[in-house]
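# Chains, contacts and geometry: an overview
Each chain is listed here by its residues.
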Amino acid sequence: MNSWAEVAAFACTLPDTELSTSYGAPAVKVSSNGRAFVYPGREAATSFALAIDLDTIDLLMATDPASFWQTPHYAGWQAVLVNYDSPDPERVRAMIERSRDWTAARPKSRPRARK
């Protein structure tokens, strides 16, 4: 997966997903709960962001730092950056599937209150 277009196309083949937006940027969401699970992120030229639990993030960064990483912006949040030029594209696809499953199990997102 060498671009956001390839990531989004693969993610949209998974069940109950749709191409949408999150905070005004492209994202692929779980249709049933409206939560994004992949999005370009702040480093869109080299990576995309993947929503996943914190324990998995720690494991991914420890075992495959060439593929999975974070900037200080993402530290402590349930998202990890994934390099487009990962040496293990099969693992990346598997993690996109796992992210979709993890996100699908979360409750429906609530609209933010307007100020």
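Please refer to the structure higher up on the page.
A quick note: this is a predicted structure, and the numbers were derived from the prediction, not measured.

## Regarding helix α1 (residues 4-11)
- Looking only at α1, the buried set comprises Trp-4, Val-7, Ala-8, Phe-10 and Ala-11. Each buried residue of α1 lies within a common arc of 165 degrees when the element is viewed along its axis, so the set occupies one face.
- If you follow the buried residues of α1, they end up packed against β1 (17-22), β2 (25-30), β3 (36-39), β4 (47-51) and α3 (89-104).

## Topic: the sheet that holds β1
- The antiparallel open sheet is built from six strands, whose spatial order is β1-β2-β3-β4-β6-β5. The open sheet terminates on both sides in strands that have one partner only, identified here as β1 and β5 (68-69).
- Strand direction decides the pairing type here: β4 and strand β6 (residues 79-83), joined by five bridges, are antiparallel. Its bridge partner being in β6, Phe-48 is matched across the sheet by Val-82.
- On top of the sheet, helix α2 (residues 54-63) reaches β5 and β6; it is set at about 30 degrees to β6, its chief contact.

## Focus on the pairing of β3
- Taken together, the two bridges between β2 and β3 define a ladder with antiparallel strand orientation. Along β3, the bridge assignment pairs Lys-29 with Ala-36.
- A loop of five residues connects β2 with β3, the two strands running antiparallel in sequence, and Gly-34 in this loop sits at a positive phi of about 75 degrees.

## As for the side chain of Ser-86
- With respect to the helices, strands and loops of the structure, Ser-86 is situated in the loop between β6 and α3.
- Separated by 2.5 Å, the side chains of Ser-86 and Ser-67 make a polar contact.

What counts and how
Residues numbered from 1 in each chain as written. Predicted model: local features only at pLDDT ≥ 70, side-chain atom pairs only at ≥ 80, totals over all residues. Heavy atoms only, no water. Buried < 20%, exposed > 50% of the residue type's maximum accessible area, 1.4 Å probe, protein only. Helix = DSSP H or I, 4+ residues; strand = E, 2+ residues; numbered from the N terminus. Arc of directions from axis to C-beta. Contact = heavy atoms within 4.5 Å. Pairing = 2+ DSSP bridges. Axes fitted to C-alpha atoms, helices over the stretch in contact; angles between N-to-C directions. Polar contact = N/O pair within 3.5 Å; in protein donor to acceptor, adjacent residues only side chain to side chain.

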